[in-house]
Amino acid sequence: RAKREGKNSVRAFQPLMGIEAAERVSTERDLRLALTQRHLVLHYQSQFDAQSGRLTGFEALVRWQHPTHGLLYPGKFIEIAEDSGLIVPMGEWVLNEACRQAAVWGANGQGFTVSVNVSALQFMDPVFLLKVQAALDSSGLKPECLILELTESVLLENRERALKQLTHLRDIGVRLALDDFGTGYSSLGLLQHLQGDILKIDSSFVRGGQIDVAGPGRALIEFLISLAHSLGMCVIAEGVETEEQYQALRSLDCDRIQGFLLGRPEPAELIEKRLNMVEPRTHEEILET
Ligand code: C2E
Ligand code: MG
Ligand code: MG
Ligand code: MG
């Protein structure tokens, strides 16, 4: 077709870009449909107290049950959702669904938490606070059972507004977690704004850093954990895959553990089975550790 359009046609010069762009457009269109047709699902990954091994909560992770491509992971569509702005309605759905599910599972009484990932665009949305409040109201979930996971980028972009937003969220009573810590610009100064909340040490430290031996990785994690503790923060290590990593983190006084070793992200039905096997605790008990 490019040939027929003549020598001046730009089409002929960018066949690869054309394919990629077309793919993005079709993914975006499919994603829009997925939102309205309820093709998104949440999987939940369990988090455990590092010392007692008891369940403390779940992180909700979005998946897309695509009619022809099967189950898609966030790596395949989150970026497109962000670029197109679809992350805002998608995030709202995730927030509501996670709160609803946690409340149905008895989070209020049994004292476990549900963590929801929030992207920068969603967080900066002026109505985000109202949406959080609405999700709590309609589900009946206690605010202290909800953890919002933010990445450093959120706090770097528009610091003034972001800090105000954090204060408002704290007033609502939800908890905040700094996700993927150590992968971005990692200004340690950011930590002072998250006192009393949660630090999630990125899996790259846990896996790549040889924490099971007395190497630099171990020293770095030890430092991060003690810094977080001195700021009154709770530390969760992500991506724990081996018993050695678990034991190392435990000996370094890490508070909570999340990773394939103890549980992969699972559909709601499987989590329900898990919940029937664990003894309940109050949320005060869990949050105190
Ligand atoms: P994240 O928030 O850091 O979530 C942890 C990711 O690490 C998840 O990948 C999880 O499946 C994976 N993971 C957990 N334990 C292990 C382990 O032991 N080994 C390995 N290799 N991986 C482990 P997933 O579900 O593919 O999600 C990737 C990212 O997508 C998330 O990273 C988060 O940034 C984003 N995401 C997921 N759900 C949502 C959502 O609802 N909203 C937004 N805005 N982002 C989301
Ligand atoms: Mg997360
Ligand atoms: Mg993370
Ligand atoms: Mg990550």
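Right above here is the structure, for reference.
This report concerns the structure included in the present document. Note that the coordinates shown come from a computational prediction; the quantities given were computed from them, not determined experimentally. (Residues numbered from 1 in each chain as written. Chains lettered and ligands numbered in written order. Predicted model: local features only at pLDDT ≥ 70, side-chain atom pairs only at ≥ 80, totals over all residues. Heavy atoms only, no water.)

## Observations regarding the nonpolar core
Judged by nonpolar contacts, the single largest core of 77 residues is most densely connected at Tyr-44, Phe-123, Val-132, Leu-141, Leu-146, Leu-148 and Leu-169. The biggest single contributor to this core is helix α3 (residues 87-104), with nine residues. Look past the residues within four positions of Leu-141 in its chain and what remains in contact with it is Cys-99, Ala-102, Ala-103, Ala-107, Asn-108, Val-114, Leu-136 and Leu-146. (Core = buried A, V, L, I, M, F, W, Y, C linked by side-chain atoms within 4.5 Å. Buried < 20%, exposed > 50% of the residue type's maximum accessible area, 1.4 Å probe, protein only. Helix = DSSP H or I, 4+ residues; strand = E, 2+ residues; numbered from the N terminus. Contact = heavy atoms within 4.5 Å.)

## Thoughts on the environment of Arg-274
As for its position among the elements, Arg-274 is in helix α12 (residues 268-277). For Arg-274 and Arg-63, which are 211 residues apart along the polypeptide, the C-alpha to C-alpha distance reads 20 Å. With sequence-adjacent residues up to four places away left out, Arg-274 is seen in contact with Ser-46, Phe-48, Leu-262, Gly-263 and Glu-266.

## Topic: the coordination of the magnesium ion (ligand 3)
Ligation of the magnesium ion (ligand 3) by protein atoms is provided by Asp-179 (OD), Asp-180 (OD), Glu-238 (OE) and Glu-238 (OE), these donors lying 2.0 to 2.5 Å from the ion. Taken in chain order, the donor set of the magnesium ion (ligand 3) reads D-D-x57-E. Taken as a pair, the magnesium ion (ligand 3) and the magnesium ion (ligand 2) lie 4.0 Å from each other and share Asp-179 as a ligand. Asp-179 sits in the buried class, given a relative accessible area of 6%. (Donors = N, O, S within 2.8 Å, 3.2 Å for Na, K, Ca; no water.)

## Description of helix α2 (residues 74-84)
All of the buried residues along α2 are Phe-77, Ile-80 and Ala-81. Each buried residue of α2 lies within a common arc of 105 degrees when the element is viewed along its axis, so the set occupies one face. In α2, the exposed positions angled more than 90 degrees off the buried face are occupied by Gly-75, Glu-79 and Asp-83. (Arc of directions from axis to C-beta.)

## Digging into the coordination of the magnesium ion (ligand 2)
In an ideal tetrahedron of four donors about a metal, each angle is 109.5 degrees. In an ideal octahedron of six donors, the angles are 90 or 180 degrees. Listed as protein donors to the magnesium ion (ligand 2) are Glu-59 (OE), Asn-117 (OD1), Glu-149 (OE) and Asp-179 (OD); their distances from the metal cover 2.0 to 2.2 Å. Spacing between the donor residues of the magnesium ion (ligand 2) along the chain follows E-x57-N-x31-E-x29-D.

## As for the packing of helix α6 (residues 128-139) against helix α8 (residues 159-172)
It is the contact of α6 with α8, at a shortest axis distance of 10 Å, that shows an interaxial angle of 20 degrees. What the angle tells us is that α6 and α8 run roughly parallel. When you trace α6 past α8, the crossing you get is right-handed. Along the contact surface, α6 presents Phe-128, Leu-129, Val-132, Gln-133 and Leu-136, while α8 presents Gln-165, His-168, Leu-169 and Ile-172. Broken down by class, the residue content of the contact of α6 with α8 amounts to six nonpolar, three polar and no charged. (Axes fitted to C-alpha atoms, helices over the stretch in contact; angles between N-to-C directions. Parallel < 35°, antiparallel > 145°, perpendicular 65-115°, else oblique. Left-handed = near helix turned anticlockwise from the far one by under 90°. Nonpolar A, V, L, I, M, F, W, Y, C, P; charged D, E, K, R; others polar.)

## Regarding the site of ligand 1
As a matter of local geometry, ligand 1 sits amid 22 residues, with Arg-63, Asn-117, Asp-179, Glu-241 and Phe-260 nearest to it. The contact in question runs from an oxygen atom of ligand 1 to an N or O atom on the side chain of Asp-180, over 3.0 Å. Between ligand 1 and Glu-241, the relevant distance is 2.5 Å, taken from a nitrogen atom to a side-chain nitrogen or oxygen of the residue. Burial of ligand 1 by the surrounding chains reaches 79%, relative to a free accessible area of 800 Å². Looking at the shell around ligand 1, the elements that each hand over two or more residues are β2 (55-66), α2, α3 and β6 (175-181). With four residues, β2 is the largest single contributor of residues to the shell around ligand 1. (Near = heavy atom within 4 Å. Polar contact = N/O pair within 3.5 Å; in protein donor to acceptor, adjacent residues only side chain to side chain. Areas by Shrake-Rupley, 256 points an atom, 1.4 Å probe, with all protein chains shown as cover.)

## Let's talk about the environment of Thr-183
For Thr-183, the location among the structural elements is in the loop between β6 and β7 (198-201). Each C-alpha atom of the pair Thr-183 and Phe-205 lies 9.0 Å from the other, and the pair is 22 residues apart in sequence. Apart from the residues lying within four places of it in its own chain, the contact partners of Thr-183 are Glu-152, Asp-202 and Ser-204.

## Quick look at the pairing of strand β8 (residues 234-237)
Burial along β8 is two-sided: Cys-234 and Ile-236 facing one way and Val-235 and Ala-237 facing the other are all buried. Examined bridge by bridge, β7 and β8 share four bridges and lie parallel to one another. From the neighbouring strand, Ile-201 faces β8, where its bridge partner is Ala-237. Strand direction decides the pairing type here: β8 and strand β9 (residues 256-257), joined by two bridges, are parallel. Residue pairing in the sheet places Ala-237 in a bridge with Ile-257 of β9. (Pairing = 2+ DSSP bridges.)

## With respect to the pattern of salt bridges
When the charged atoms of two side chains with opposite charge come close together, those side chains can pair. Scanning all chains against the criterion turns up 11 salt bridges. The salt bridge involving Arg-29 is made with Asp-30; its shortest N-O contact spans 3.4 Å. (Salt bridge = Lys/Arg side-chain N within 4 Å of Asp/Glu carboxyl O.)

## Topic: helix α10 (residues 216-230)
Taking 1.5 Å per residue as the helical rise, α10 with its 15 residues ought to reach 21 Å, and the 21 Å between its terminal C-alpha atoms agrees with that figure. Residues of α10 that are buried include every one of Gly-217, Ile-221, Leu-224, Ile-225 and Ala-228, and no others. End-on, the buried residues of α10 take up no more than an arc of 95 degrees, which puts them together on one face. When the buried face of α10 is taken as reference, the exposed residues oriented beyond 90 degrees from it are Pro-216 and Ser-230. Downstream of α10 by one or two residues, Gly-232 has phi in the positive range, about 75 degrees. (Expected span 1.5 Å × (residues − 1).)

Fair warning: the whole summary comes from geometry, so function is off the table for now.
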